[in-house]
Amino acid sequence: MKMNKRRMPAEWEPQSAVQLTWPHAQTDWAPILPEITAVYEEMAREIRQRESLLIVDDIPHNDTWARDHGFITVEQDGGLILLDFKFNGWGEKFPAELDNQINKHLFDRGAVKGTYEPHLDFVLEGGSIESDGRGTVFTTACCLMAPHRNQPLTQQQIEERLKLYLGAERIVWLNHGSLLGDDTDGHIDTLVRICPDDTLLYIGGDDEHPDLYEMEKELQTLRTLDGRPYRLLRLPLPRPIYDEGERLPATYANYLVINGAVLVPTYNQPDLDAEAMRIIGQAFPDREMVGIDCRAVIRQHGSLHCCTMQYY
């Protein structure tokens, strides 16, 4: 009997749950624990109104970036495959030993359902890939080819693994784009997001981010699998936000799509926050736009999407 090809769903497909890995005093959130807990509580309330919520609290963890240590799920033969990749603190920048044990604990406890498939010899973060659900996966060369991830694998060898594990027909590698203050080496979910109807939401450039102009040109040359240009929607960059003199990587691209809504990061910049929500709403006209103040989240160099992982 021929097996069905595996497929990585698009984020806007129906979900069963979203995972949050909860902040605690032994994480880097300790200096602002009340602030970040309030943000997580707000995310939890909005998610819980629309679907199930999985909170990782009693499993030891180094930090709370569920997008990068959580399972990446794909479909095959009518079931879900739970892909467990290695998370190494974005190229060994931060400790991640405890984070790498979370997924197996969740599976062994029956907290998540599916077929467990470990690939702990391969570094892959959920924030570094975007799927359209139809065979195309976007990523960035600056992240997947960054030092201390998967050397000595070549780009072609990494692409072959992505196609095998994710069931992708093609991998679109972006060669431009990064944010000041970013720890991830250019995660795609901070820069470009795939949306329904062959639409791409992306962050526009400014004088401090000239490489984003090059990324925009790159996006303009891309074509879908059937040869058509993508519909491009340009998001503004938030005005600069600093913490003790350090530029923080604020971005409106780091939103989360859930059942019936999109949770959009906001930064107490009412004009730009509203403009970003309006533009994201053009890509998701059938969903409610819900703003979540993420000024606390970016103090640890992530944003809303980075804190979450969805299950289908």
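Residues numbered from 1 in each chain as written. Predicted model: local features only at pLDDT ≥ 70, side-chain atom pairs only at ≥ 80, totals over all residues. Heavy atoms only, no water.

Engineer: How would you explain the packing of aromatic side chains if you had to name every residue and give the values?
Structural biologist: The final tally for this structure, using the stated rule, is 13 aromatic pairs. When the ring of W29 is compared with that of W65, the centres are 5.6 Å apart and the planes differ by 55°; the resulting orientation is tilted. Taken together, the residues span a long stretch of sequence, with W29 in the loop between strand 1 (17-21) and helix 1 (33-48) and W65 in the loop between strand 2 (52-56) and helix 2 (66-69) at a distance of 36 residues. Like W29, the residue W65 is buried in the burial classification. For the ring pair Y255 and F284, a centre distance of 6.0 Å and an interplane angle of 70° mean the geometry is edge-to-face. Remark: F284 occurs in the loop between helix 8 (270-283) and strand 16 (288-293) and Y255 occurs in the loop between strand 13 (246-247) and strand 14 (256-258); sequence separation between them is 29 residues. Residue Y255 is classed as buried on the basis of its relative accessible area, which comes to 0%. According to the relative accessible area criterion, F284 is buried, its value standing at 2%. Three or more aromatic residues joined by ring pairs make a cluster, and in this case those are W29, W65, F87, W90 and F94. (Phe/Tyr/Trp six-rings, centres within 6.5 Å; stacked < 30°, edge-to-face > 60°. Helix = DSSP H or I, 4+ residues; strand = E, 2+ residues; numbered from the N terminus. Buried < 20%, exposed > 50% of the residue type's maximum accessible area, 1.4 Å probe, protein only.)

Engineer: Residues and numbers for the pattern of salt bridges, please.
Structural biologist: By the definition in use, this model includes 26 salt bridges. For E159, the salt bridge identified is with K163, shortest N-O distance 3.2 Å. Taken as a pair, E159 and K163 lie in helix 6 (residues 155-166) at a separation of 4 residues, close to a single helical turn. Three or more residues are tied together by salt bridges with common partners; here these are E11, R67, E130 and R193. (Salt bridge = Lys/Arg side-chain N within 4 Å of Asp/Glu carboxyl O.)

Engineer: Lay out the nonpolar core with the relevant residues and their values.
Structural biologist: Counting residues in each nonpolar core, the largest one holds 68 residues, and the members touching the most others are F138, V192, L201, L235 and F284. Discounting chain neighbours no more than four positions away, the residues touching L201 are L191, V192, R193, C195, L233, L235, Y255, I279, I280, A283 and F284. Counting 22 residues, the second-largest nonpolar core is a separate cluster that includes A141, L144, Y165 and I171. (Core = buried A, V, L, I, M, F, W, Y, C linked by side-chain atoms within 4.5 Å. Contact = heavy atoms within 4.5 Å.)

Engineer: Quick rundown of helix 1? Include the residues and the values.
Structural biologist: An α-helix turns once every 3.6 residues. As a result, residues three or four positions apart point the same way. Helix length check: helix 1 (16 residues) gives 22 Å between terminal C-alpha atoms against 22 Å at 1.5 Å per residue, within 8%. Those residues of helix 1 not exposed but buried are I36, T37, V39, Y40, M43, A44, E46 and I47. The inward-facing, buried residues of helix 1 contact strand 1, strand 2, strand 14, strand 15 (261-266), strand 16 and strand 17 (308-311). (Expected span 1.5 Å × (residues − 1).)

Engineer: Got a sec to walk through the sheet that holds strand 15? Specific residues and values, please.
Structural biologist: The strand order across the open sheet built from 3 strands is 14-15-16, with neighbouring strands paired in mixed fashion. Pairing within the sheet leaves two strands with one partner each, and these edge strands are strand 14 and strand 16. Taken pair by pair, the neighbouring strands of this sheet meet at an average axis angle of 25°, ignoring direction. Bridge count between strand 15 and strand 16: 6 bridges; the pairing is parallel. The residue bridging P265 from the neighbouring strand is I292, located in strand 16. Here helix 1 sits on the sheet in contact with strand 14, strand 15 and strand 16, set at roughly 165° to strand 16. (Pairing = 2+ DSSP bridges. Axes fitted to C-alpha atoms, helices over the stretch in contact; angles between N-to-C directions.)

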